[in-house]
There are 2 protein chains.
Amino acid sequence: MPKKPTIVARSAQPGLFEARAESIVAAPAPKRQPKSAERPTAIKREDAKSMAARQREISISEFFTKNRHLLGFDNPQKALLTAIKEAVDNSLDACEEAGIVPELIVEIHEVGEERFRIAVEDNGPGIVRQQIPKIFGKLLYGSKFHRLKQQRGQQGIGISAAGMYGQITTGRPVRILSRIGAKKPAHLFEIAIDTQKNAPVVLKDEETEWDRPHGTRVEIEMEAIYKKGRRSVDDYVEQTVLANPHATVRYVTPKEEPRVFERVAAELPRESLEIKPHPYGVELGILIQMLKDTHARNLRTALRTDFSRVSDGVAEEICRVAGLSPDARPHRLTSGQVELLFHAIPKVKIMAPPTACLSPIGEDLLARGLETRVKPEFATAVTRPPSVYRGNPFQIEVGLAYGGGLPGEEPIELYRFANRVPLQYQQSACAIAKAALTVDWKSYGLQQARGALPIGPAVLFVHIASVWVPFTSESKEAVASYPEIVKEIRLALMEAGRRLGSFVRRRRRVADEEKKRSYIEKYIPHIGDALKQILGLTDARRNSTVEDLKAILERSRKI
Amino acid sequence: MPKKPTIVARSAQPGLFEARAESIVAAPAPKRQPKSAERPTAIKREDAKSMAARQREISISEFFTKNRHLLGFDNPQKALLTAIKEAVDNSLDACEEAGIVPELIVEIHEVGEERFRIAVEDNGPGIVRQQIPKIFGKLLYGSKFHRLKQQRGQQGIGISAAGMYGQITTGRPVRILSRIGAKKPAHLFEIAIDTQKNAPVVLKDEETEWDRPHGTRVEIEMEAIYKKGRRSVDDYVEQTVLANPHATVRYVTPKEEPRVFERVAAELPRESLEIKPHPYGVELGILIQMLKDTHARNLRTALRTDFSRVSDGVAEEICRVAGLSPDARPHRLTSGQVELLFHAIPKVKIMAPPTACLSPIGEDLLARGLETRVKPEFATAVTRPPSVYRGNPFQIEVGLAYGGGLPGEEPIELYRFANRVPLQYQQSACAIAKAALTVDWKSYGLQQARGALPIGPAVLFVHIASVWVPFTSESKEAVASYPEIVKEIRLALMEAGRRLGSFVRRRRRVADEEKKRSYIEKYIPHIGDALKQILGLTDARRNSTVEDLKAILERSRKI
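Residues numbered from 1 in each chain as written. Chains lettered and ligands numbered in written order. Predicted model: local features only at pLDDT ≥ 70, side-chain atom pairs only at ≥ 80, totals over all residues. Heavy atoms only, no water.

A. Inspection of the overall build of chain A at higher detail. A count of helical and extended segments in chain A gives 16 helices and 16 strands. Computed over the C-alpha atoms, the radius of gyration of chain A is 33 Å, more than 25% above the 24 Å expected from 2.2 N^0.38 for a compact globule of 559 residues. Counting only C-alpha atoms and orienting by the principal axes, one finds that chain A spans roughly 130 × 65 × 60 Å. Excluding contacts between residues fewer than 6 apart, the proportion of contacts in chain A whose partners are at least 24 apart in sequence is 71%. Each charge sign in chain A was given a centre, from 86 positive and 70 negative side chains, and these centres are 6 Å apart. (Helix = DSSP H or I, 4+ residues; strand = E, 2+ residues; numbered from the N terminus. Rg over C-alpha atoms; globule rule 2.2 N^0.38 Å. Contact = heavy atoms within 4.5 Å. Lys, Arg positive; Asp, Glu negative; His and termini not counted. Charge placed at Lys NZ, Arg CZ, Asp CG, Glu CD.)

B. Here's a closer look at the packing of helix 10 (residues 299-306) of chain A against helix 11 (residues 312-322) of chain A. All names here are of chain A. Axis separation between helix 10 and helix 11 bottoms out at 9 Å; the angle between their running directions is 125 degrees. Viewed along their axes, helix 10 and helix 11 adopt a mutual orientation that is oblique. Crossing angle aside, the handedness with which helix 10 passes helix 11 is right-handed. Contact with helix 10, carried on its side by Leu299, Arg300, Leu303 and Arg304, involves Asp312, Ala315, Glu316, Ile318 and Cys319 of helix 11 and no other residues of that element. The residue makeup of the contact of helix 10 with helix 11, split by class, is five nonpolar, no polar and four charged. (Axes fitted to C-alpha atoms, helices over the stretch in contact; angles between N-to-C directions. Parallel < 35°, antiparallel > 145°, perpendicular 65-115°, else oblique. Left-handed = near helix turned anticlockwise from the far one by under 90°. Nonpolar A, V, L, I, M, F, W, Y, C, P; charged D, E, K, R; others polar.)

C. Main features of a nonpolar patch on the surface. Among the surface-exposed residues, A:Tyr519, A:Tyr523 and A:Ile527 lie close enough to one another that they form a single nonpolar patch of about 300 Å² accessible area. Residue position: A:Tyr523 is located in helix 15 (residues 483-536). (Patch = residues over 30% accessible without salt bridge, like charges linked within 9 Å, V, L, I, M, F, W, Y side chains within 5 Å. Areas by Shrake-Rupley, 256 points an atom, 1.4 Å probe, with all protein chains shown as cover. Salt bridge = Lys/Arg side-chain N within 4 Å of Asp/Glu carboxyl O.)

D. Seen up close, the pairing of strand 11 (residues 378-383) of chain A. All names here are of chain A. Burial analysis of strand 11 places five of its six residues in the buried class, the great majority of the element. Summarising the sheet, strand 11 and strand 13 (residues 392-402) pair through six bridges and their orientation is antiparallel. Note that in strand 13 the partner of threonine 380 across the bridge is leucine 400. (Buried < 20%, exposed > 50% of the residue type's maximum accessible area, 1.4 Å probe, protein only. Pairing = 2+ DSSP bridges.)

E. Representation of the environment of A:Gln424. All names here are of chain A. Inspection of the secondary structure puts glutamine 424 in the loop between strand 15 (421-423) and helix 14 (431-438). For the pair glutamine 424 and lysine 442, spaced 18 residues apart in the sequence, the C-alpha separation amounts to 26 Å. Setting aside residues up to four positions removed in sequence, glutamine 424 forms contacts with Leu81, Arg231, Ser232, Asp235, Tyr236, Gln239 and Arg416.

F. Spotlight on the sheet that holds strand 3 (residues 115-122) of chain A. Residues and elements named next belong to chain A. On the basis of which strands lie adjacent, the open sheet formed by eight strands has the order 7-6-5-8-3-2-9-10 and mixed pairing. Pairing within the sheet leaves two strands with one partner each, and these edge strands are strand 7 (199-208) and strand 10 (259-261). Averaged over neighbouring strand pairs, the angle between their axes works out to 15 degrees when direction is ignored. Bridge analysis of strand 3 against strand 8 (residues 215-223) gives eight bridges, and the strand direction is antiparallel. Bridged to alanine 119 within strand 8 is glutamate 219. The strands touched by helix 7 (residues 158-170) within the sheet are strand 3, strand 5 (174-179), strand 6 (186-194) and strand 8, with strand 8 carrying the most contacts at an inclination of about 35 degrees.

G. The packing of aromatic side chains, seen in detail. Residues and elements named next belong to chain A. Within this structure, the stated rule accounts for 17 aromatic pairs over all chains. Aromatic rings pair up to connect Phe378, Tyr402 and Phe503 into one cluster. Against the face of tyrosine 425 rests lysine 78, its NZ or CZ located 4.5 Å from the ring centre. (Phe/Tyr/Trp six-rings, centres within 6.5 Å; stacked < 30°, edge-to-face > 60°. Lys NZ or Arg CZ within 6 Å of the ring centre and 35° of its normal.)

H. Geometry of the sheet that holds strand 6 (residues 186-194) of chain B. Residues and elements named next belong to chain B. In space, the eight strands of this open sheet follow the order 7-6-5-8-3-2-9-10, with mixed pairing throughout. Each having just a single partner strand, strand 7 (199-208) and strand 10 (259-261) make up the two edges of the open sheet. Averaged over all adjacent pairs, the angle separating strand axes in this sheet is 15 degrees, with direction ignored. Against the sheet, helix 7 (residues 158-170) touches strand 3 (115-122), strand 5 (174-179), strand 6 and strand 8 (215-223), its axis set at about 35 degrees to strand 8.

I. Highlighting the confidence of the model for chain A. All names here are of chain A. Per-chain confidence: chain A averages 85 in pLDDT, with 90% of residues scoring 70 or above. In this model residues 1-44 is a low-confidence stretch, pLDDT under 50, and it forms 85 contacts with partners more than four residues away in sequence or in other chains. Overall fold confidence for the complex sits at a pTM of 0.76, while the interface term, ipTM, reaches 0.72. (pLDDT = per-residue confidence, 0-100.)

J. Just the nonpolar core, in detail. Membership of the largest hydrophobic core comes to 110 residues, with the highest contact counts inside it found for A:Phe63, A:Phe64, A:Leu80, B:Phe63, B:Phe64 and B:Leu80. The residues contacting A:Leu80, other than those within four sequence positions of it, are A:Ile108, A:Phe116, A:Ile118, A:Met222, A:Ala224, A:Ile225, A:Tyr226 and A:Val233. (Core = buried A, V, L, I, M, F, W, Y, C linked by side-chain atoms within 4.5 Å.)

K. Layout of the side chain of A:Arg263. All names here are of chain A. As for its position among the elements, arginine 263 is in the loop between strand 10 and helix 9 (284-293). For arginine 263, a relative accessible area of 2% gives the class buried. A distance of 3.4 Å separates polar atoms of two side chains, one belonging to arginine 263 and the other to glutamate 103. (Polar contact = N/O pair within 3.5 Å; in protein donor to acceptor, adjacent residues only side chain to side chain.)

L. Focus on helix 5 (residues 76-97) of chain A. All names here are of chain A. Between its first and last C-alpha atoms helix 5 spans 32 Å; for 22 residues at 1.5 Å apiece the expected length is 32 Å, and the two agree. The buried fraction of helix 5 is high, at 20 of 22 residues. Looking at where helix 5 begins, the residue whose side-chain oxygen comes 3.1 Å from the main-chain nitrogen of glutamine 77 is asparagine 75. Looking one or two residues beyond helix 5, the residue adopting positive phi is glycine 99, at roughly 70 degrees. (Expected span 1.5 Å × (residues − 1).)

M. Molecular detail of the environment of A:Glu46. Residue and element names in this part refer to chain A. Inspection of the secondary structure assignment puts glutamate 46 in the loop between helix 2 (15-25) and helix 3 (48-54). Glutamate 46 gets classed as buried once you look at its relative accessible area, which sits at 16%. Within the structure, the side chain of glutamate 46 is placed 2.5 Å from the side chain of serine 50, a separation counted as a polar contact.

N. The arrangement of helix 9 (residues 284-293) of chain B in detail. Among the ten residues in helix 9 of chain B, seven count as buried, and that is most of the element. Of all the residues in helix 9 of chain B, the buried ones are B:Leu284, B:Gly285, B:Leu287, B:Ile288, B:Gln289, B:Met290 and B:Leu291. Looking at the packing, one finds that the buried side of helix 9 of chain B touches helix 7 of chain A together with helix 10 (299-306) and helix 12 (335-344) of chain B.

O. Expanded view of the environment of A:Ile159. Mapped onto the fold, A:Ile159 is located in helix 7. C-alpha separation for the pair A:Ile159 and A:Gln533, spaced 374 residues apart in sequence, amounts to 87 Å.

P. Main features of the pairing of strand 16 (residues 458-466) of chain A. Residue and element names in this part refer to chain A. Of all nine residues that make up strand 16, nine are buried, and the element is covered over most of its length. Burial along strand 16 is two-sided: the face carrying Ala458, Leu460, Val462, Ile464 and Ser466 and the face carrying Val459, Phe461, His463 and Ala465 are both buried. Of the pairings in the sheet, the one linking strand 13 to strand 16 comprises nine bridges and is antiparallel in character. The residue of strand 16 that forms the bridge with valine 398 is valine 462.

Q. Just the pattern of salt bridges, in detail. This structure, assessed with the given rule, holds 68 salt bridges over all chains. We note a salt bridge from A:Asp234 to A:Lys228, for which the minimum N-O separation is 2.7 Å. The buried category is assigned to A:Asp234, whose relative accessible area is 6%. For A:Lys228, a relative accessible area of 43% gives the class partly exposed. The salt bridge involving B:Glu317 is made with B:Arg320; its shortest N-O contact spans 2.9 Å. Taken as a pair, B:Glu317 and B:Arg320 lie in helix 11 (residues 312-322) at a separation of three residues, close to a single helical turn. What makes B:Arg320 exposed here is its relative accessible area of 55%. Salt bridges sharing partners connect three or more residues here, namely A:Glu107, A:Arg117, A:Glu121, A:Arg175, A:Glu190, A:Lys204, A:Arg212, A:Arg217 and A:Glu219.

R. Molecular detail of unusual backbone geometry. All names here are of chain B. Phi at lysine 375 is positive, roughly 55 degrees, even though this residue is not glycine. Relative to the elements of secondary structure, lysine 375 occurs in the loop between helix 13 (363-374) and strand 11 (378-383). Judged by relative accessible area, which is 57%, lysine 375 ranks as exposed. Positive phi values are uncommon outside glycine, yet glutamine 426 reaches one of about 55 degrees. Checked against the element boundaries, glutamine 426 lands in the loop between strand 15 (421-423) and helix 14 (431-438).

This is the structure we're talking about:
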């Protein structure tokens with residue numbers, strides 16, 4: 001095999017060489033048709049050239065048109081929910097970023113058989129005219145993807161995908177009405193998506209009147225099914241106001257009186273802040289990319305400015321462990337050197353990322369929300385201190401409502417939320433459900449079969465807030481099971497469980513007392529009569545005796 | 001409300017008007033803070049302009065870098081499998097398109113702790129030099145996405161995503177060696193992905209020597225874990241040769257002797273053919289798009305040339321029902337008119353799509369494959385006639401192997417395949433598993449708990465071949481449950497089940513016979529001795545009597 005060396009000489013890695021060595025002995029002549037494999041002409045169909053001619057780019061819109069179930073548009077019922085959800089996410093995010101207490105309108109209008117027009121309207125800051133086409137007519141476009149910040153939207157796909165679904169199923173464009181200030185005119189747009197280009201097509205763009213000083217309204221006509229019950233849009237709206245006590249939502253459904261959910265919180269939640277990635281969470285390839293893109297002139301500065309919790313001291317320590325100079329030019333580093341850096345990071349003690357960037361609902365509001373919406377006998381809420389997974393801060397909150405009108409013989413209702421957004425599908429795949437199943441609810445006074453949700457008149461509310469929620473799919477229906485996350489959820493659940501337990505026990509004690517008392521009330525009079533006969537007491541004497549007995553027994557019971 | 005009419009006048013749809021009517025009464029003054037909602041300055045944070053400044057495009061590579069679990073790169077173990085799978089899919093597709101009997105090499109080299117270099121090499125047609133960078137360095141690029149054809153790849157994401165994962169976790173580029181003919185030189189490439197641009201970066205591009213006349217070899221270094229057992233790469237390779245009896249695979253794993261799986265089939269499977277979409281499967285939005293893009297000058301021709309099974313007659317019938325002229329210019333149709341067309345289609349009888357485009361494995365090869373690989377006592381295979389879901393032809397095959405070395409007290413092994421590719425994850429979400437659970441296996445001689453897989457020494461092999469397999473996620477792990485598909489799977493399973501049933505029953509009968517006979521052999525002699533004493537027979541007489549008795553009883557038993 002004389003040729004090999006020439007290769008070895010050329011290729012830095014040994015891989016190809018070893019490989020070729022094997023590849024030579026690798027093609028045993030097939031049993032029945034000696035070396036047909038070496039005759040591509042054997043059955044002439046295509047060759048490299050003819051195949052090359054067919055290679056072409058696929059637009060992300062084409063891709064998600066064919067695979068729309070990935071975005072939550074599997075079927076007409078789920079499509080309705082997903083579209084509304086995406087629009088509401090954007091409205092709430094926009095209001096909060098602008099510091100506006102959100103007032104939303106969610107409308108579902110039936111316009112034909114299995115055909116609806118949804119509308120979501122907000123009092124947010126509005127969208128500048130030039131941005132409207134891309135935001136609603138282009139997939140993978142937005143302001144949120146590149147930021148580490150607690151927000152509902154992450155991908156820059158949702159609302160344009162909803163519009164695309166409407167277009168695919170009805171041929172109708174998305175309609176947007178937006179206004180950015182009292183002194184500015186409102187703009188009315190009709191936008192379609194050119195799926196082959198993944199680009200917006202503006203069908204209408206005109207100034208119009210709107211009595212809102214600022215805000216945005218989106219309308220999408222789509223093939224859909226509107227149903228009540230579990231996983232319905234109704235469910236979604238109710239859970240949304242529960243997780244967003246600062247928002248007022250007016251909800252309009254076909255053939256019903258509009259419902260208005262008033263806010264229970266006076267102020268906006270604490271603003272969530274954008275943070276930089278933490279060194280412990282970065283991957284080698286990402287690190288290489290970051291050092292290629294950095295504006296810093298030397299490694300020390302790059303590490304300090306592009307990461308959170310890295311001081312000059314920490315930066316220099318990392319360089320020292322990696323055996324690199326803090327003054328090295330980041331762009332000049334070989335991937336080998338960056339790898340040294342990468343392996344050095346975990347060896348250096350770095351403060352956990354800042355957690356003030358998160359904006360939990362808070363125990364008080366959470367409990368109050370449950371009381372207002374569920375009307376239970378007992379409600380409690382637990383907000384855990386923030387924690388970290390893969391360098392991303394996150395925080396777990398649990399609310400628990402018990403008794404009242406809730407059904408006692410069924411599994412408890414589990415409400416899951418991520419950054420205040422209700423998650424209604426794929427419960428079994430979700431870290432929240434998994435954590436809830438592993439808690440021993442019996443010890444907190446609920447029945448529970450092994451590996452199942454407990455039985456009892458309770459609603460369980462679990463919220464994860466994070467700068468980057470690790471969802472198991474783009475449709476954002478379930479949270480991935482990072483051990484740190486599962487652990488925090490369990491701790492919160494157990495705390496809430498303990499409180500429930502003591503409530504249930506107290507109630508049981510009181511009930512027992514009641515029973516004992518009732519016995520006393522019941523039997524003492526008879527004893528009185530008996531004594532009367534035995535001792536020949538007067539009625540007066542008997543009555544006083546009965547009273548004394550009662551008092552004594554009461555006292556002894558209390559002790 | 002004087003302004004409304006001005007709007008109504010402008011907007012074609014009533015929606016916006018109704019909406020505004022509601023929006024006016026829609027903002028009830030919040031309880032605790034009168035019309036703070038109307039004061040965006042209340043808590044000044046961001047406004048439309050500052051938000052607009054942050055809006056930007058997100059590249060598909062950035063998107064899948066953050067969401068790589070969507071592509072099957074959730075964890076190091078699965079990543080190894082997914083990468084190999086994507087490469088093997090491409091190799092087999094290329095060989096078959098070129099009419100080459102595939103000979104593959106799959107290598108896993110351990111190059112460090114949790115770090116491997118995988119290599120997949122084929123004797124396919126090779127890739128023309130100019131295409132190599134895009135095919136391996138750009139997501140959503142390929143020749144398969146836009147074709148309705150039974151093939152393994154669909155998306156144009158797989159292999160470039162695998163390369164991207166390698167790059168993210170190790171910083172190493174993908175290495176490609178390819179040659180398109182004996183007279184052409186081989187080309188050696190090293191390619192990285194610029195994730196922000198979703199574009200290839202060519203680090204090396206040189207001519208080199210290769211003793212293969214044609215073929216392609218891909219090498220990816222990645223963070224990974226190599227494990228044995230269920231869902232392992234070993235499993236995958238074994239199932240792959242089972243579903244591709246025409247392929248020879250040489251499999252090289254760390255610290256083991258290479259294994260060679262010889263092909264059991266002499267020829268390539270029947271070539272699968274590309275077809276046009278069937279009218280019954282098209283959606284309104286897609287129809288609108290198609291008529292916009294068509295090259296046909298009139299509606300009649302457009303319908304005939306762009307769809308399958310549409311003759312001039314059928315085209316004219318559709319137009320008639322829709323109340324449109326067959327000579328209408330497709331590009332001039334309003335979306336309203338296309339909608340009429342859309343609703344007309346289901347009212348017209350159209351022949352089912354051609355099914356010769358599919359390429360099943362075939363009962364003979366399937367059974368032979370099972371016999372060769374599993375070595376059972378009994379093996380059978382069922383290939384159903386092709387069927388259609390949403391206008392897409394598909395075909396179900398079932399193989400069943402029973403007995404032999406297979407464990408008898410565990411649930412049967414279920415192997416799932418789509419277009420000859422093994423599916424190893426998300427079994428419970430897969431239409432194949434769902435169908436298998438709903439079959440009554442008791443009646444076929446296997447034990448089964450309600451809603452569970454049957455218990456018994458069996459391997460069940462289910463294959464769906466289709467021009468478009470409806471997967472539940474890009475990672476292509478489970479088949480979506482279209483009723484037509486589930487029905488066909490059940491029918492195939494039940495046929496195979498019946499055959500198993502009669503085998504099991506026959507075996508049982510033979511066993512019973514054996515038992516009966518053994519009884520006779522056992523007791524007759526004693527009876528003989530008894531008779532001898534009672535009747536005082538000679539030994540000879542006793543023996544003859546015993547023989548007669550045996551004969552009689554044998555006869556009576558047989559009847």
